[in-house]
Amino acid sequence: MPDQILQIPLNHLRVGPANTRKDKDAGQEDASITGLAQSIKQHGLLNPLTVRALGDGTYEIIAGQRRYLACKELGLATVAAIVREEVSDTSAVALSLIENVQRAHMHPLDKARAYHDLRDHYE
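Values in this document were obtained by computation on a predicted structure and should not be read as measured data.

**Considerations on helix 2 (residues 65-74)**
Now for step 1: Burial in helix 2 covers these residues: Q65, R66, R67, Y68, A70 and C71.
Now for step 2: Backbone geometry just after helix 2 places G75 at a positive phi near 80°.

**A word on the pairing of strand 5 (residues 78-84)**
Now for step 1: By the bridge criterion, six bridges tie strand 1 (residues 4-9) to strand 5 in an arrangement that is antiparallel. Paired with Q7 across the strands is A80, a residue of strand 5.
Now for step 2: The sheet contact formed by strand 3 (residues 49-53) and strand 5 spans four bridges and is parallel. Pairing of R52 across the sheet is with R84, part of strand 5.

**Some points on the packing of helix 1 (residues 33-43) against helix 2**
Now for step 1: For the pair helix 1 and helix 2, interaxial distance at closest approach is 8 Å and the crossing angle is 70°. As the angle between them shows, helix 1 and helix 2 are arranged roughly perpendicular. Of the residues in helix 2, those in contact with I33, T34, L36, A37, Q38, I40 and K41 of helix 1 are R66, R67, L69, A70, C71, E73 and L74.
Now for step 2: Taken together, the residues of the contact of helix 1 with helix 2 break down into eight nonpolar, two polar and four charged.

Quick notes on the rules
- Residues numbered from 1 in each chain as written.
- Predicted model: local features only at pLDDT ≥ 70, side-chain atom pairs only at ≥ 80, totals over all residues.
- Heavy atoms only, no water.
- Buried < 20%, exposed > 50% of the residue type's maximum accessible area, 1.4 Å probe, protein only.
- Helix = DSSP H or I, 4+ residues; strand = E, 2+ residues; numbered from the N terminus.
- Pairing = 2+ DSSP bridges.
- Axes fitted to C-alpha atoms, helices over the stretch in contact; angles between N-to-C directions.
- Parallel < 35°, antiparallel > 145°, perpendicular 65-115°, else oblique.
- Contact = heavy atoms within 4.5 Å.
- Nonpolar A, V, L, I, M, F, W, Y, C, P; charged D, E, K, R; others polar.

In structure tokens, the structure reads:
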């Protein structure tokens, strides 16, 4: 069965040991969990979480822990998630690591230009 995108109740999700982001405060240089929550509130969740089914009706978060925490902070009932089929523990760790390591931080000048463009075009 191919991967599916489902709306999953937040209380059916858990952060598992495969998630490589152990320090929940790391990565908040640009946006705190609260800041991310406000962005999700204003613009919606732009990228679904990636999860795997645990077989008991719950799901383990492979990638998207910060998005999950932000949605939880907002008190959302459900969240969009890509349900990956047949993901081994090793593959889950690899997917989590890929999401966190391959994410490139924007150069400060690129960020400044983007903010400048937003201000000029959307004020």
